[in-house]
Amino acid sequence: MTTSRGAKGVAGSGENNRADAVAVATVDAVAATSVPAATTAVAAFSRPSSAVVVRSAYKQYGQTAILKDLNLTIPDGKIYGLLGPSGCGKTTLLSCIVGRLRLDSGEIKLKGKHISDIGYMPQELALHNELSIKETFTYYGYIFNLSDDVIEKRGRELKELLKLPSYSLSLNEISGGQQRRVSLAVAMLHDPKLLILDEPTVGLDPLISQSIWELLLDLTANEGKTVIITTHYIEEAKQSQMIGLMRKGTLLSEASPTELLTSCNCSYLEEAFLKICQNHVAKTNSFKIPVKQPTRRFSYARDLPPPPLLNNKLFTFGRFKAQVCKNMYLLRRNIPFTLFVIFLPLIQTVLFNIACGHDPKHLSLGILNEEFVGNSGKCSLTQTKNCFLDENVSVSCLVLERLKEKTFELVEYTNEEDGKYAVKENKVWGFIHFSKNFSDNLAIRFNDATDISDENGTDISDSMFDKGTIHAWVDNTNKYMYDMIKKEVFESYTDVVDSLFNKCNKSEKLGNIPIRLLEPVYGNKKPSFIHYASPAIIALCAFYLPAIYTGATIISEKEGGVIERVVLSGMNFIEIAFAQVLVQMIFIIIQTTLVMIVMFLVFDNPFVGDIFPSFTLLTLIGSGGMCFGFFTAIVCRTQTEASFLGIGTNFLLKFLCGLMWPTEGIHYLLRSVSVYMPLTMSTESLRSLTAKGLGLEHPSVYLGFVSIFSWILVFSLASFIMLKLKRDVWTKS
Ligand SMILES: Nc1ncnc2c1ncn2[C@@H]1O[C@H](COP(=O)(O)OP(=O)(O)OP(=O)(O)O)[C@@H](O)[C@H]1O
């Protein structure tokens, strides 16, 4: 079929120059002798000895078609060199064969039955740089269920064959070429029947490349293995028994090197390849060959053609052990990071307790005390033994003295304008003004303020009240400062007046406002912001640190191609997740214990409840964070995406869980949503458990447990659905 199309192309291109005509004719001859790709299509499926058969394969990235109706047949027990210019789709094709990518349409059949029948070496390293060569072998050996003895034996053999450096060196510490040989060794470790190697010799010393080819030839000749290899060094592919030439997503030719050279009448493969490409160009230029379109395109993973080999075991202890060991190796390799992760919540708790919730000290406050302007200008406290109702007692001085005791730094101003201006200029936080005769007017207010008139009989009670009042202007842009200054000035005044009534032999209650706050039902008499916020802070740390750790570790493995490689080696998400849970639960238990000790024993945060329910709730919150981390790792392709998702949700939860502001103050529409957020009910539950000592039977406690447990289920279910629906979850881009 190809030959006749080619003949038509030549016949129909009368204007084509002579060189083109010669090239096309030559390649048509090649096609006639060398089993053109398309002609083998039907026959190959019925050929049981073929290791790999690809039929009508289509794959596109976005709108760009990469594989276009590609057909390929790889004979068993041979080296198949897949050649083609950069970007023609070789890696994409290999990725589809190993199941890394799913075809949009078409079919791939492998002779092997199980995932362990394939050994795949991807183009990129896709190994953990931090692990040593020995640890890398152990990790992949366990994945393939090899015993320690077999791993050791195979490792030594491969080390010898591939001339690997010392076992104890980490991949970070060896050269790029050595890393590639380790990668090749990993692909060969479990002695697979089919080796799929994407550019294994790139950047290697020619002698080492040659020894790899010799090794591959030996494997095919003596052990019946099949090897598919891509390379940019066309001449080295001469050692393959079969060569497939790819261009722009289709296979131009499939033949042995000798057949190719003979039919093209060339001495070098490079030359033959050039002729075949020229022929293809001539044909496509002169004669528009329609590319057959896939009959149906799919958008969901479940609708796609299945991967060539299915991993039929959901969970194996060997793979779980491999994943746990790898996690432990990585933690051991980076002890400072591990310690940082473990102690981060502790550091945050300590910092929070030291930095937040304490009243600010040494604030500057502007004052104008007109009781003394024009006199000595200074307060004298000698008259404090007198009763202020009858004698000349400077109440303003006593109030100012009290403020100084509360660590305010008083800055004197001589007029009201200067004082207010100082507040505007941010020189002082507030400005307080005592009128001339403030104390006298205050005394009159307490003596008898019902009938005050001047010598002309005019009622002057308003003016008297005004002059007997402390006037304050405060910088209200900072609500905490405003509230604190207001509270401190108010308390200073009431303290002074209380003590002055004592000196007048009257009850100090006379000066009080008629409201009394009695013993608090919950909490202590001096409530602090920190007591309110600490459950929210603990809950946020407990949720986000496992989320970040889980998400970041899995995504970094995804970005490095490591997860993809281990998934292709048979690893299942359940095994990855369980291994992560094991390590993470150890972290969560240590972190929760430390945080609770620091929060409630070292610092003075109220804890009147039972330890066990509080600890269990925090562990559940941590598990919720971990499940959120899994979900993030599945939906995000990069750390950047995951960071934005993490930061965005962090702010959301912070605002809605009652950390920044009581949830009762949230807009009513948002409040109805906020109550169902992961940390709202659980934070309230923690507060009720620790500060109020309520039991599990109380709704505000058990609803927190119900809420976080539901979120664990939601995140797990969402992760599962995404795994099922999303295409190419573990591919890095
Ligand atoms: N994840 C991706 N998203 C979008 N386009 C991609 C992706 N991966 C590959 N491509 C594009 O698909 C085409 C084929 O890429 P592929 O890696 O299969 O080529 P190749 O023949 O292996 O090239 P090389 O020899 O340079 O490795 C290229 O144009 C590439 O830009």
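How each quantity is defined
Residues numbered from 1 in each chain as written. Predicted model: local features only at pLDDT ≥ 70, side-chain atom pairs only at ≥ 80, totals over all residues. UniProt positions renumbered as here; feature names shortened; annotations may be inferred. Helix = DSSP H or I, 4+ residues; strand = E, 2+ residues; numbered from the N terminus. Buried ≥ 20, exposed ≤ 12 C-beta atoms within 10 Å, placed from the backbone. Contact = placed C-beta atoms within 7 Å. Pairing = 2+ DSSP bridges. Axes fitted to C-alpha atoms, helices over the stretch in contact; angles between N-to-C directions. Near = placed C-beta within 6 Å. Nonpolar A, V, L, I, M, F, W, Y, C, P; charged D, E, K, R; others polar. Core = buried A, V, L, I, M, F, W, Y, C linked by C-beta atoms within 7 Å.

Under the Subcellular location (unreviewed entry) heading, UniProt states for the chain: "Membrane".

1. Side note on the overall build of the chain
Across its full length, the chain carries 25 helices and 13 strands. Considering the chain as a whole, with its 733 residues, one finds that 40% of them fall into the buried category. Taking all contacts inside the chain whose residues are at least 6 apart in sequence as the whole, residues at least 24 apart take part in 76%.

2. With respect to the pairing of strand S2 (residues 64-75)
Note on strand geometry: in a regular strand, side chains alternate between the two faces of the sheet. As paired strands, strand S1 (residues 50-61) and S2 are joined by eight bridges and run antiparallel to one another. Its bridge partner lying in S2, Ala57 is registered against Leu70. What sits between S1 and S2 in their antiparallel hairpin is a turn of two residues, with Gly62 showing a positive phi close to 60°.

3. Here's the deal with the sheet that holds S1
Pairing is antiparallel in the open sheet, where three strands are placed in the order S2-S1-S4. Each edge of the open sheet carries a strand with a single partner, namely S2 and strand S4 (105-110). Mean inter-strand twist for the sheet, computed between neighbouring axes without regard to direction, equals 15°. Relative to S4, S1 is paired through five bridges, and the arrangement is antiparallel. Bridge pairing in S4 links Val52 to Leu110.

4. Let's talk about unusual backbone geometry
Located in the positive-phi region is Asn145, a residue other than glycine, with phi close to 65°. On the secondary structure map, Asn145 appears in the loop between helix H5 (133-143) and helix H6 (148-162). A positive phi is found at Asn265, a non-glycine position, where the angle reads about 60°. Relative to the helices and strands, Asn265 is located in the loop between helix H9 (257-264) and helix H10 (269-286). On the neighbour-count criterion, Asn265 (12 C-beta atoms within 10 Å) is exposed.

5. A few points about the UniProt feature "domain: ABC transporter" (unreviewed entry) in the chain
The UniProt feature table records "domain: ABC transporter" (unreviewed entry) at residues 52-273. Secondary structure across residues 52-273 comprises 36% helix and 27% strand; the distance between its end C-alpha atoms is 23 Å.

6. Details of the site of the ligand
Near the ligand there are twelve residues, and of these Tyr61, Ser86, Lys90, Thr91 and Thr92 occur at the shortest range. In terms of residue count, helix H4 (residues 90-98) provides more of the shell around the ligand than any other element does, three residues in total. Grouping the constituent residues of the shell around the ligand by class yields three nonpolar, eight polar and one charged.

7. Describing the nonpolar core
Ile196, Leu197, Ile228, Ile538, Ala539 and Leu540 are the most contacted members of the largest nonpolar core, which has 134 residues in total. The element contributing the most residues to this core is helix H18 (residues 529-559), with 16 residues. Listed in part, the 29 residues of the second largest apolar core include Leu403, Phe438, Ala443 and Ile485.

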